[in-house]
Amino acid sequence: MKPITDQRHIMLRVAEKQIESQEFATLFFNYALPFKPGQFIMVWIPDIDEKPYTISYHSKDRFAITIEAKGIFSQKAITLEKDDLVGIRGPFGNGFNIKSDDTVAVVAGGCGMAPLATLVEKLNKNTTFIHGAKSKEYILYPDRFDLDRLFCTDDGSFGRKGFVTELLENEIASGKSFDRVYTCGPEIMMYHIFNICEKHHIPCQVSLERYMRCGFGVCGACVCGKQVVCKDGPVFDSSALRGIKDFNTKALLKSGKDVNLAQYFSWRCK
Amino acid sequence: MKPITDQRHIMLRVAEKQIESQEFATLFFNYALPFKPGQFIMVWIPDIDEKPYTISYHSKDRFAITIEAKGIFSQKAITLEKDDLVGIRGPFGNGFNIKSDDTVAVVAGGCGMAPLATLVEKLNKNTTFIHGAKSKEYILYPDRFDLDRLFCTDDGSFGRKGFVTELLENEIASGKSFDRVYTCGPEIMMYHIFNICEKHHIPCQVSLERYMRCGFGVCGACVCGKQVVCKDGPVFDSSALRGIKDFNTKALLKSGKDVNLAQYFSWRCK
Amino acid sequence: MTIQFLGKTLKNPMVLASGILGNSRDILERVHENGCGLVTMKSIGPEPRDGHKNPTVIDLGHGMINAVGLPSPGYLNMENEWEDLEKREFPLIASVYGGSVKEYRMVAEFVSSKNPDFIEINISCPNSEKHGMIFGINPQSSHDVVSAVKKVINVPLIVKLTPQAPDIGDVARACEDAGADAICAINTVGPGMVIDIESKMPVLAFKKGGLSGPMIKPVAVRCVFDIYKAVKIPIIGLGGITTGEDAIEMIMAGASLAGIGSAVRYRGIDVFQKVTREMEAWLSDHHYSHEDIIGAAHKEG
Amino acid sequence: MTIQFLGKTLKNPMVLASGILGNSRDILERVHENGCGLVTMKSIGPEPRDGHKNPTVIDLGHGMINAVGLPSPGYLNMENEWEDLEKREFPLIASVYGGSVKEYRMVAEFVSSKNPDFIEINISCPNSEKHGMIFGINPQSSHDVVSAVKKVINVPLIVKLTPQAPDIGDVARACEDAGADAICAINTVGPGMVIDIESKMPVLAFKKGGLSGPMIKPVAVRCVFDIYKAVKIPIIGLGGITTGEDAIEMIMAGASLAGIGSAVRYRGIDVFQKVTREMEAWLSDHHYSHEDIIGAAHKEG
Ligand SMILES: Cc1cc2nc3c(=O)[nH]c(=O)nc-3n(C[C@H](O)[C@H](O)[C@H](O)COP(=O)(O)OP(=O)(O)OC[C@H]3O[C@@H](n4cnc5c(N)ncnc54)[C@H](O)[C@@H]3O)c2cc1C
Ligand SMILES: Cc1cc2nc3c(=O)[nH]c(=O)nc-3n(C[C@H](O)[C@H](O)[C@H](O)COP(=O)(O)OP(=O)(O)OC[C@H]3O[C@@H](n4cnc5c(N)ncnc54)[C@H](O)[C@@H]3O)c2cc1C
Ligand SMILES: Cc1cc2nc3c(=O)[nH]c(=O)nc-3n(C[C@H](O)[C@H](O)[C@H](O)COP(=O)(O)O)c2cc1C
Ligand SMILES: Cc1cc2nc3c(=O)[nH]c(=O)nc-3n(C[C@H](O)[C@H](O)[C@H](O)COP(=O)(O)O)c2cc1C
Ligand code: FES
Ligand code: FES
């Protein structure tokens, strides 16, 4: 019988902590977690809170999450040390759809790199890999992959100065033809990537983010249009995205109040 | 996954009814019940009561129970007709221990024939099969088996006049050597058979009967000495029987009061 | 099988429980499209409320425990949603809660002006220190809040009860007397608590939470059975329903409609369709209509 | 790990719940031999009683439902058993019930003369129309029966509570004030009802029954947590304990001893041994003693 990991928390101790930069830390756990790139887990720090995180490293008996310090929870999370106790449940949601022979592009923005990392490790060598961030310090895993990466930053402090959207357009203009584009980052960035894909008739997969409680499709905290992000997503493909009228427009606050994304995302992936 | 039959009732309709005699009827059900000879089920007649019954016929997708009319429940049970609804749960308990090469004797008294019937069908041809009852009408399944049977009745109305204990003693005296004796019937009869076996150092297996509620070893209604009849039995072997000081002496009424067997069994297997 | 319920026609007897998904018109519509005859909004409160910190909802396998803590934008902060909902093409229950008779009345009166098909008052939520539950365990306080709300709304009133009432039949009767048009039962059971032994901490941030899902079905069936004995108004029975047979059991206990919450986890958002089909199959096998079996477990004696 | 409990030494913190097997000295002894530190007899009543007709106990997989209906030979009809029990070499709780304060006192006084190690009064059984439950949901009536019984017995008094009390902490405090030496919690949850849809009949002959086993554990843990907050006397925590981790959870909620009933079905009569071993392994892994973790889930704030 396969272990039931998506009910009560499995309590794990931090096996290793890797400081990625001032803003990011990665926590490793020695545990054989069933997992597909794009899925997420709920991470509970006892006495603090519980939030969804993507798996950023995964092997047979080890996995990690990478956290960007933002609010109370994530700032606490990056101060955890070896042997500190956290509870996890999951994995939840559907991961990315992978066809190993396809020629694809991966477009990461800021901490949107985290869910794409384990995906990239499953893709073939002619993947086009675009990675942007606000500035140098926000570039996650600069040396992790043996794929070439096209870097850009808003301020030019690392790679090209500019946006990932421009890099993708350039690649397409230069004659590359993609079977699929995978992207994660600020929702507005993903929205633009999606539109570029629509224009060029390239199937696209994006990973959305909403406030979550249950993680398994019951409480309704994470709904986005007719989609339940925790359960139907967090990864959505082009055909789903075309139907999500809240994509890049609306999200629910903790209270359930719907607000525009500027209000909701001001704190996210700065 | 094997069907869970020992929790809530499985509701079944009587598929066929076979009148055995004025006192006995057999109800057949078309259902694939997992089962070992000697195990029992709890039979619920809605609005009436629920009582334990042994399986008296068993094949891949059919089974039956044979009921002797005694009190309210069993008198109602023998009036059930095709398509009437009953609930069953089980099987419960441990069945007989069968080794197919052994030379064995089976000793049935009255309706104690019922649990032994499916056992006999699994035994080999040189089984010694002794069957006694008060009188002719109480001889169950007179024509069922293709084994020879030694019959006796208290009044001589069928087979020899006398008791099954005498028949067993005769067989042993005539030089038969048994690897094991199986018996079911009035407790006093089983007690005597057990003592004969002890004298001749023959392992013995008897099927006990006590008032039952849960059927699965929780409520304590059926305890007999240190044994829980529904769960540890109803079949007990010689080594267990030697330790049961209530065997043939004591049983609990519905209220939990312990009484001697005369009081408890006056109604049973007349 | 279309159903008549308090003057409205429903496509089937399935009801979405309050607090399950019902956070926006879009998702309510999806639940309706997935075979649910009548959908309930997440309970609406008098003020904006974030609810409790996480963990708030944990699956225990045979059911779940939650202390979401009645998050609500507050009844005055939902203009977008009401605008969306006015264009709906499905029947809707608006669920409301308050901390006092006055608050219940205030919220319900406002919500009534937004034309839901029904208003449900949640006098039974165990997840907030101040709200709800206190009314629902007592016949007198239940009567007070029901009669106050009844006066100010112009849609039928459903009252949602808690199994923690010492005699739920008494509470239901008091609600009926006060003018309730239907009863919804049950809210979550307990409360319960789950402690993680490694951290020695209650798992829910609020420590205690309400139980739902398959494990509470026997309690829900008993409550509906007791309520059916006590009142004449129709009952929405819910608590642990996961299959068509569960729904039929609830209806036999006395429910007219069968609600579903936690089973959305166990069988997906199309659980409503699945359960309806299973019910229909069972009913047609047995040559019964939905109405034939309402309260069928109540025999004389 | 030997344990001190109200002046007696127990070989471990495991308790056999009342109504489980405890029908005779022999079987109580076997439970003790199978690793149970303290065993409880089936509740003893004022008069001979057969209990309800079958079905009385049904397994639901994640727990069970029962309405055995307090069968008892009656306290004056147990001479054989008392004689047997006088020769026992294991610690024993005698559980008693009554229909009035007078009956509780009468039965308890007599039973006390038979020298059980402890007397437990079951003021919480839901399976009889007349007995028990009515006392346990109310602090005042609980106080009355406890103080009456306390006066006439000369062994420590344990009071067994029901989770149906609107505030179980209040009830526990009333019992402590009235002289109770320990609290046992919880009795079964609900009541619940299971209806067979083919026959349209409640499955239990008594229709309603109490829930026990894994599904009630969150309710039991919450009750013990509330009681621990309310009183200083020790608690026997039970309800759904099946594993060593369950027992530790209950102890962290505030229990000193951990009781087991339904798990005899799920793990066999040697469940006491198994759970003790699992507890011991966990405690030694974590370098805790049994005492270290009693009430450990109660943090400040
Ligand atoms: C599927 C999924 C995967 C994720 N994976 C990762 C990951 O791999 N790495 C990572 O770092 N993060 C990830 N996140 C985000 C993560 O869950 C947290 O949201 C993030 O870490 C911030 O949490 P916090 O508690 O520290 O900040 P908070 O305190 O929650 O927020 C910081 C700021 O955001 C505001 N805010 C918080 N919640 C809301 C809300 N509901 N509405 C409006 N404003 C709000 C606060 O007011 C504050 O200004 C993921 C989220 C999802 C849904
Ligand atoms: C494992 C097992 C297998 C069984 N298999 C069969 C079988 O295959 N066929 C079969 O016919 N029977 C079988 N029985 C017996 C069966 O369960 C019933 O006991 C029997 O049918 C009589 O039930 P009744 O309700 O009709 O009679 P009841 O009404 O119970 O009893 C009739 C008489 O017995 C008395 N009586 C009833 N219960 C008690 C009690 N607890 N203490 C003292 N007196 C009591 C009554 O006062 C009455 O005089 C089996 C029993 C067990 C435990
Ligand atoms: C996560 C969650 C949130 C809930 N929120 C509410 C709510 O806001 N209002 C309400 O009346 N009931 C609420 N409930 C209770 C459900 O409506 C329902 O009564 C209960 O879950 C029992 O049904 P079930 O077993 O089908 O889930 C909630 C239940 C859950 C699981
Ligand atoms: C079949 C059965 C009979 C019971 N009889 C009694 C009883 O006579 N007196 C009592 O105080 N509790 C009785 N109980 C309740 C148990 O003692 C216990 O409180 C309850 O079952 C919860 O524990 P568990 O989940 O470990 O079973 C009974 C429980 C069951 C299942
Ligand atoms: S987090 Fe609860 S539905 Fe998505
Ligand atoms: S019938 Fe309940 S223990 Fe045997």
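Residues numbered from 1 in each chain as written. Chains lettered and ligands numbered in written order. Predicted model: local features only at pLDDT ≥ 70, side-chain atom pairs only at ≥ 80, totals over all residues. Heavy atoms only, no water.

### Describing the overall build of chain C
Next, step 1: In terms of helices and strands, chain C carries ten helices and 16 strands.
Next, step 2: Relative to the 2.2 N^0.38 estimate, which gives 19 Å for 301 residues, the radius of gyration of chain C is 18 Å and therefore close to what a compact globule would have.
Next, step 3: Referenced to the eigenvectors of the C-alpha coordinate spread, the extents of chain C come out at roughly 50 × 50 × 40 Å.
Next, step 4: Counting across all 301 residues of chain C, residues that qualify as buried make up 71%.
Next, step 5: Put simply, 72% of the contacts in chain C that link residues at least 6 apart link residues at least 24 apart.
Next, step 6: As presented, chain C carries roughly 9,400 Å² of accessible surface, and 47% of it is formed by carbon and sulfur atoms.
Next, step 7: For chain C, the distance from the average site of its 29 positive side-chain charges to the average site of its 36 negative ones is 4 Å. (Helix = DSSP H or I, 4+ residues; strand = E, 2+ residues; numbered from the N terminus. Rg over C-alpha atoms; globule rule 2.2 N^0.38 Å. Buried < 20%, exposed > 50% of the residue type's maximum accessible area, 1.4 Å probe, protein only. Contact = heavy atoms within 4.5 Å. Areas by Shrake-Rupley, 256 points an atom, 1.4 Å probe, with all protein chains shown as cover. Lys, Arg positive; Asp, Glu negative; His and termini not counted. Charge placed at Lys NZ, Arg CZ, Asp CG, Glu CD.)

### Some words on the site of ligand 3
Residues and elements named next belong to chain C.
Next, step 1: Around ligand 3, the structure places 22 residues, and the nearest of them are Ser-18, Ser-43, Lys-160, Gly-240 and Ser-262.
Next, step 2: Ser-262 places a side-chain nitrogen or oxygen 2.6 Å from an oxygen atom of ligand 3.
Next, step 3: Contact with the protein chains covers 98% of the free accessible surface of ligand 3, which is 600 Å².
Next, step 4: Of the residues in the shell around ligand 3, the class split is seven nonpolar, 13 polar and two charged. (Near = heavy atom within 4 Å. Polar contact = N/O pair within 3.5 Å; in protein donor to acceptor, adjacent residues only side chain to side chain. Nonpolar A, V, L, I, M, F, W, Y, C, P; charged D, E, K, R; others polar.)

### Structural notes on the interface of chain C and chain A
Next, step 1: The interface of chain C with chain A comprises 41 residues on the first partner and 40 residues on the second.
Next, step 2: Here chain C packs against chain A, burying approximately 3,400 Å² in sum over the two surfaces, 53% of which is carbon and sulfur.
Next, step 3: Between the two partners, chain C and chain A, sit five salt bridges.
Next, step 4: Linking Arg30(C) and Asp232(A) is a salt bridge whose minimum nitrogen-to-oxygen distance equals 2.8 Å.
Next, step 5: Remark: the boundary between chain C and chain A carries 17 residue pairs in polar contact (both at pLDDT 80 or more).
Next, step 6: It is helix α1 (residues 25–33) of chain C that provides the largest number of residues to the side of chain C that touches chain A, a total of five residues.
Next, step 7: Per-class residue counts for the side of chain C that touches chain A are 17 nonpolar, twelve polar and twelve charged. (Buried area = accessible area lost by both parts, 1.4 Å probe. Salt bridge = Lys/Arg side-chain N within 4 Å of Asp/Glu carboxyl O.)

### What to know about the confidence of the model for chain C
Next, step 1: Scored by pLDDT, chain C comes out at a mean of 95, with 96% of its residues at no less than 70.
Next, step 2: For this predicted complex, the interface confidence score (ipTM) comes to 0.95, while the overall pTM stands at 0.96. (pLDDT = per-residue confidence, 0-100.)

### Topic: the domain arrangement of chain A
Residue and element names in this part refer to chain A.
Next, step 1: Domain annotation for chain A reports domain 1 (10–92), domain 2 (96–207) and domain 3 (209–270).
Next, step 2: Each of domain 1 and domain 2 has a C-alpha centre, and the two are 24 Å apart.
Next, step 3: Each side of the interface is counted separately: domain 1 has 17 residues, and domain 2 has 14 residues.
Next, step 4: Both sides together, the interface formed by domain 1 and domain 2 hides about 1,300 Å², and carbon and sulfur atoms give 62% of it.
Next, step 5: At the boundary of domain 1 with domain 2, the tally comes to zero salt bridges.
Next, step 6: The interface formed by domain 1 and domain 2 holds five residue pairs in polar contact (both at pLDDT 80 or more) in total.
Next, step 7: Mapped by element, the contributors of at least two residues to the side of domain 1 that touches domain 2 are β3 (24–29), β6 (57–59) and β7 (62–68). (Domains from an automatic or database assignment.)

### Observations regarding the pattern of salt bridges
Next, step 1: Going through the model one piece at a time under the given rule, you end up with 64 salt bridges over all chains.
Next, step 2: The salt bridge involving Arg25(C) is made with Asp26(C); its shortest N-O contact spans 4.0 Å. Grouping residues by exposure puts Arg25(C) and Asp26(C) together as buried.
Next, step 3: Taken together, the shared-partner salt bridges connect Lys226(A), Lys245(A), Arg25(C), Asp26(C), Glu29(C) and Glu33(C) into one network.

### Considering the side chain of Lys200(D)
Next, step 1: Of note, Lys200(D) is situated in the loop between β12 (195–196) and β13 (201–202).
Next, step 2: Of the side chains with opposite charge, Glu198(D) comes closest to the buried, unpaired Lys200(D), at an N-O distance of 7.8 Å.
Next, step 3: Within the structure, the side chain of Lys200(D) is placed 2.7 Å from the side chain of Tyr288(C), a separation counted as a polar contact.
Next, step 4: The residues contacting Lys200(D), other than those within four sequence positions of it, are Met252(C), Tyr288(C), Ala296(C), Ala297(C) and Ile195(D).

### Observations concerning the packing of aromatic side chains
All names here are of chain C.
Next, step 1: Across all of its chains, the model carries 34 aromatic pairs over all chains by this definition.
Next, step 2: Seen in terms of ring centroids, Tyr-104 and Phe-135 are 5.3 Å apart; in terms of plane orientation they differ by 90°. Their pairing is edge-to-face. Of this pair, Tyr-104 sits in helix α3 (residues 101–112) while Phe-135 sits in helix α4 (residues 133–136); the two residues are 31 residues apart in sequence, bridging distant segments of the chain. A single burial state applies to Tyr-104 and to Phe-135, both of which are buried. (Phe/Tyr/Trp six-rings, centres within 6.5 Å; stacked < 30°, edge-to-face > 60°.)

### Re the environment of Lys200(C)
Next, step 1: Between the alpha carbons of Lys200(C) and Gly210(C) there is a distance of 20 Å; along the sequence they are ten residues apart.
Next, step 2: Excluding residues within four positions of it along the chain, Lys200(C) makes contact with Ile195(C), Met252(D), Tyr288(D), Ala296(D) and Ala297(D).

### Some details on the sheet that holds strand β4 (residues 40–45) of chain A
Residue and element names in this part refer to chain A.
Next, step 1: One open sheet holds the four strands; their spatial order is β1-β8-β4-β5, and the pairing between them is antiparallel. Where the open sheet ends on each side, the last strands, each with one partner, are β1 (10–13) and β5 (49–54). For this sheet, the mean inter-axis angle between neighbouring strands, taken without regard to orientation, is 35°.
Next, step 2: Where β1 meets strand β8 (residues 85–92), four bridges bridge the pair, whose relative direction is antiparallel. Note on β8: the bridge partner recorded for Leu-12 is Val-86. (Pairing = 2+ DSSP bridges. Axes fitted to C-alpha atoms, helices over the stretch in contact; angles between N-to-C directions.)

### Focus: the sheet that holds strand β6 (residues 64–66) of chain C
Residue and element names in this part refer to chain C.
Next, step 1: On the basis of which strands lie adjacent, the open sheet formed by four strands has the order β5-β6-β14-β11 and antiparallel pairing. Two strands bound the open sheet, and with one partner strand each, they are β5 (57–59) and β11 (189–193). Looking at each pair of strands side by side, their axes are set apart by 35° on average, direction ignored.
Next, step 2: Pairing geometry for β5 and β6, over three bridges, is antiparallel. Opposite Asp-59, over in β6, you have Met-64 as the bridge partner.

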